Amino acid sequence: MYDVIMIGGGLHGGFSAWHLLQREPGLKIALIEQDSTYSHAASARSSAGVRVLFSQEENLRMSQYGHEVYGNFGDLMALDGEPQPLSFWRQGYMFMANTSEQAEDMATNHALQTGMGAEASLLDATALQEMLPSFRTDDVLLACYSPKDGWLDPYGALTSLRRKNQALGAEYIDGVVSGFEQSGGKVTGVVLQGGQTLTTDWVVNATGAWGGEISKMMGFEMPVVPLPRTQFYFECREEVEPFGLTIDGRGCSVRPEGKGYITGRTHFERAGAFNWDVNEEHFYNENWPLAAHRVPKFEAVKLKASWTCHYAYSTWDGNMLMGAWPGQPENFLMTTGYSGHGLQHAPAAGRAISELILDGGFQTLDLTRFAASRVAEGRKEPERGVKA
Ligand SMILES: Cc1cc2nc3c(=O)[nH]c(=O)nc-3n(C[C@H](O)[C@H](O)[C@H](O)COP(=O)(O)OP(=O)(O)OC[C@H]3O[C@@H](n4cnc5c(N)ncnc54)[C@H](O)[C@@H]3O)c2cc1C
């Protein structure tokens with residue numbers, strides 16, 4: 001008998017458990033994970049960027065809390081008083097606008113971001129060129145730079161969180177959830193492949209890109225599907241000055257990684273099914289030309305590694321789905337649909353899940369805007385500007 005079962009032992013299941021155990025150390029919590037190596041989990045394969053550059057206050061506030069938690073991660077996750085350090089490179093974020101529509105959105109968002117205490121500045125092409133001499137800037141209408149953002153080691157965060165949760169008493173169970181038991185309008189049990197049933201007061205669907213499959217096992221359709229995204233790691237012969245995580249308005253992101261760089265591109269039209277294939281042609285035909293357009297020194301690069309993983313993409317409006325589903329048991333909570341911002345939002349989402357369970361509603365940050373119930377209400381809440 002458990003108080004709470006998380007389906008999925010990634011960052012969202014993990015931070016939900018951690019927040020619950022911070023407040024109620026005696027809670028009996030299980031995290032059921034089908035692959036304890038996390039070889040396919042987004043949490044382990046993420047670009048792991050943390051940025052304040054959002055257009056919606058809730059997303060921005062969630063990132064600010066992400067900064068707070070990941071910034072103090074070593075101490076927060078300490079085991080027997082020993083910090084578990086996390087590498088966090090605060091090398092900045094740079095968004096570039098190439099169309100007048102993108103530039104207008106950027107300026108509007110910038111006013112909102114700085115109004116909420118975010119450190120960010122707008123740069124014109126001349127200022128950008130001075131800052132990044134290796135970059136081509138003649139087609140950039142406006143750029144937005146936030147110097148304190150950056151990226152971290154996702155696998156390190158995931159494994160430290162898991163160890164901390166275990167030290168706090170959470171059980172990570174190797175198993176595949178294959179169904180549910182319900183009674184009296186509540187979900188009462190989680191069924192594992194093999195037939196074992198674990199009884200519980202609460203269930204949290206924290207399965208990321210698998211979230212839609214889990215909802216089908218409960219008997220309802222949730223608009224969350226896998227969106228494949230391939231990441232490419234390349235090295236460049238020529239030296240390029242240090243730069244932050246750059247998202248080009250032409251549809252490509254690049255950031256430094258070790259001796260080289262990681263680049264990726266979101267193809268929304270590929271959303272719908274898992275596809276783990278890596279097609280290096282995409283690098284040569286799409287990513288590389290875009291990267292080399294922006295940084296001409298990238299004309300001479302060597303592709304060294306590639307991997308595909310999946311965003312949990314909400315086809316409803318691209319934003320997260322949080323809380324119970326109308327007409328379904330109120331003790332079955334969703335936390336999925338985070339696209340490309342779920343790593344930075346996991347600490348705040350986990351806190352929100354803990355509040356839904358312990359307080360019956362949001363306390364520290366009102367996330368009603370992203371309630372799963374908005375689908376039934378017909379309410380769409382899309383991010384403006386950079387969506388993925
Ligand atoms: C390529 C890429 C780049 C990204 N870049 C960024 C970024 O820069 N910044 C950012 O903030 N976010 C980024 N994200 C998003 C972020 O990584 C994810 O939103 C976040 O990690 C999702 O965490 P999760 O715990 O919800 O899902 P996951 O980490 O995928 O964990 C879900 C777990 O559920 C398990 N599971 C599924 N079904 C079952 C079942 N039936 N039974 C038991 N277990 C099950 C899976 O095995 C998996 O381990 C990126 C994602 C990708 C794919």
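Residues numbered from 1 in each chain as written. Predicted model: local features only at pLDDT ≥ 70, side-chain atom pairs only at ≥ 80, totals over all residues. Heavy atoms only, no water.

Turning next to the domain arrangement of the protein chain. As assigned here, the protein chain comprises domain 1 (2-84 + 153-223 + 316-377) and domain 2 (91-148 + 225-311). Computed over C-alpha atoms only, the centres of domain 1 and domain 2 are separated by 28 Å. Each partner contributes residues to the interface: domain 1 has 24 residues there, and domain 2 has 24 residues. Both faces combined, the contact of domain 1 with domain 2 buries some 2100 Å², and carbon together with sulfur accounts for 64% of it. Here domain 1 is connected to domain 2 by zero salt bridges. Counting across the interface, domain 1 meets domain 2 through six residue pairs in polar contact (both at pLDDT 80 or more). (Domains from an automatic or database assignment. Contact = heavy atoms within 4.5 Å. Buried area = accessible area lost by both parts, 1.4 Å probe. Salt bridge = Lys/Arg side-chain N within 4 Å of Asp/Glu carboxyl O. Polar contact = N/O pair within 3.5 Å; in protein donor to acceptor, adjacent residues only side chain to side chain.)

A few words on the packing of aromatic side chains. Within this structure, the stated rule accounts for 20 aromatic pairs. Ring centres of Phe15 and Tyr70 lie 5.9 Å apart, and the angle between their planes is 85 degrees; on these two criteria the pair is classed as edge-to-face. In this pair, Phe15 is assigned in helix H1 (residues 11-23) and Tyr70 in helix H3 (residues 57-71), connecting sequence segments 55 residues apart. For Phe15, a relative accessible area of 0% translates into the label buried. Accessibility expressed as a relative area gives 2% for Tyr70, which makes it buried. (Phe/Tyr/Trp six-rings, centres within 6.5 Å; stacked < 30°, edge-to-face > 60°. Helix = DSSP H or I, 4+ residues; strand = E, 2+ residues; numbered from the N terminus. Buried < 20%, exposed > 50% of the residue type's maximum accessible area, 1.4 Å probe, protein only.)

Turning our eyes to something else, we now look at helix H7 (residues 154-167). Since the α-helix packs 3.6 residues into each turn, any two residues three or four apart lie on the same face. Spanning 14 residues, H7 covers 20 Å between terminal C-alpha atoms, matching the ideal 20 Å at 1.5 Å per step. A large share of H7 lies buried, amounting to 10 of its 14 residues. Sitting at the head of H7, Asp153 places a side-chain oxygen 3.2 Å from the backbone nitrogen of Tyr155. (Expected span 1.5 Å × (residues − 1).)

Moving on, we come to the sheet that holds strand S14 (residues 245-248). The strands that make up a sheet pair up through hydrogen bonds in the backbone, lying either parallel or antiparallel. Strand order across the open sheet formed by eight strands is S6-S7-S5-S14-S15-S16-S13-S17, with mixed pairing between neighbours. Because the sheet does not close on itself, it has two edges, and the strands there are strand S6 (121-123) and strand S17 (301-314). Averaged over all neighbouring strand pairs, the angle between strand axes comes to 20 degrees, with direction disregarded. Here 13 bridges tie strand S13 (residues 224-236) to S17, and the two strands are oriented antiparallel to one another. Within the sheet, the bridge partner assigned to Glu235 lies in S17 and is Lys302. Set on the sheet, helix H9 (residues 280-294) makes contact with strand S5 (93-97), S13, S14, strand S15 (252-257), strand S16 (260-264) and S17; between it and S17 the angle comes to about 100 degrees. (Pairing = 2+ DSSP bridges. Axes fitted to C-alpha atoms, helices over the stretch in contact; angles between N-to-C directions.)

Around the ligand sit 34 residues in total, of which Glu33, Ser43, Gly49, Val177 and Gln344 are the nearest. Within the backbone of His341, a nitrogen or oxygen atom sits 3.3 Å from an oxygen atom of the ligand. Take Gly342: an N or O atom from its main chain is 3.3 Å from an oxygen atom of the ligand. In the complex, the protein chains occlude 96% of the 1000 Å² of accessible area that the ligand would expose alone. Only H1, strand S2 (29-33), helix H2 (42-45), S17 and helix H10 (342-358) provide two or more residues apiece to the shell around the ligand. Each residue belonging to the shell around the ligand can be placed in one class, and the counts come to 15 nonpolar, 18 polar and one charged. (Near = heavy atom within 4 Å. Areas by Shrake-Rupley, 256 points an atom, 1.4 Å probe, with all protein chains shown as cover. Nonpolar A, V, L, I, M, F, W, Y, C, P; charged D, E, K, R; others polar.)

Attention shifts here to empty space enclosed by the protein. Rolled over the atoms, a probe sized like a water molecule indicates the empty space that remains. Per the counting criterion, the structure on display carries one cavity of 30 Å³ or more. What the largest cavity holds in volume is close to 70 Å³. Taken together, Phe135, Phe243, Thr246, Asp248, Cys252, Val254, Leu290, Ala291, Arg294, Val295 and Phe298 make up the full set of residues lining the largest cavity. Those elements giving two or more residues to the lining of the largest cavity turn out to be S14, S15 and H9. The dominant element in the lining of the largest cavity, judged by the number of residues it contributes, is H9, at three residues. Residues belonging to the lining of the largest cavity are distributed by class as follows: eight nonpolar, one polar and two charged. (1 Å grid on protein atoms, 1.4 Å probe; cavity = no way out; pocket = protein on both sides within 12 Å on 5 of 7 lines; lining within 4 Å. Points joined across faces, edges and corners; volume = space filled by probe spheres on them.)

All told, the structure shown has 17 salt bridges when counted by the stated rule. The partner of Arg369 in a salt bridge is Glu58, and the shortest N-O contact between them spans 2.8 Å. Taken together, the residues Arg369 in the loop between H10 and helix H11 (374-377) and Glu58 in helix H3 connect sequence positions 311 residues apart. Taking the relative accessible area as the measure of exposure, Arg369 reaches 27% and is therefore partly exposed. Here Arg294 and Asp248 are joined by a salt bridge, their closest N and O atoms 2.6 Å apart. Remark: Asp248 occurs in strand S14 and Arg294 occurs in helix H9; sequence separation between them is 46 residues. Of the two residues, Arg294 and Asp248, both sit in the buried class.

Moving on, we get to the sheet that holds strand S3 (residues 49-50). Spatial ordering of the open sheet is given by S3-S8-S4, a layout of three strands whose pairing is antiparallel. The open sheet is flanked by S3 and strand S4 (88-89), the only strands paired with a single partner. Sheet topology places S4 next to strand S8 (residues 150-152); two bridges connect them, and they run antiparallel. Opposite Phe88, over in S8, you have Leu152 as the bridge partner.

Moving on, we come to unusual backbone geometry. Located in the positive-phi region is Ala48, a residue other than glycine, with phi close to 65 degrees. Locating Ala48 in the fold gives a position in the loop between H2 and S3. Take Ala48: its relative accessible area is 1%, and that puts it in the buried class. Of note in this structure, Asp80 is not a glycine but carries a positive phi near 50 degrees. For Asp80, the location among the structural elements is in the loop between helix H4 (73-76) and S4.

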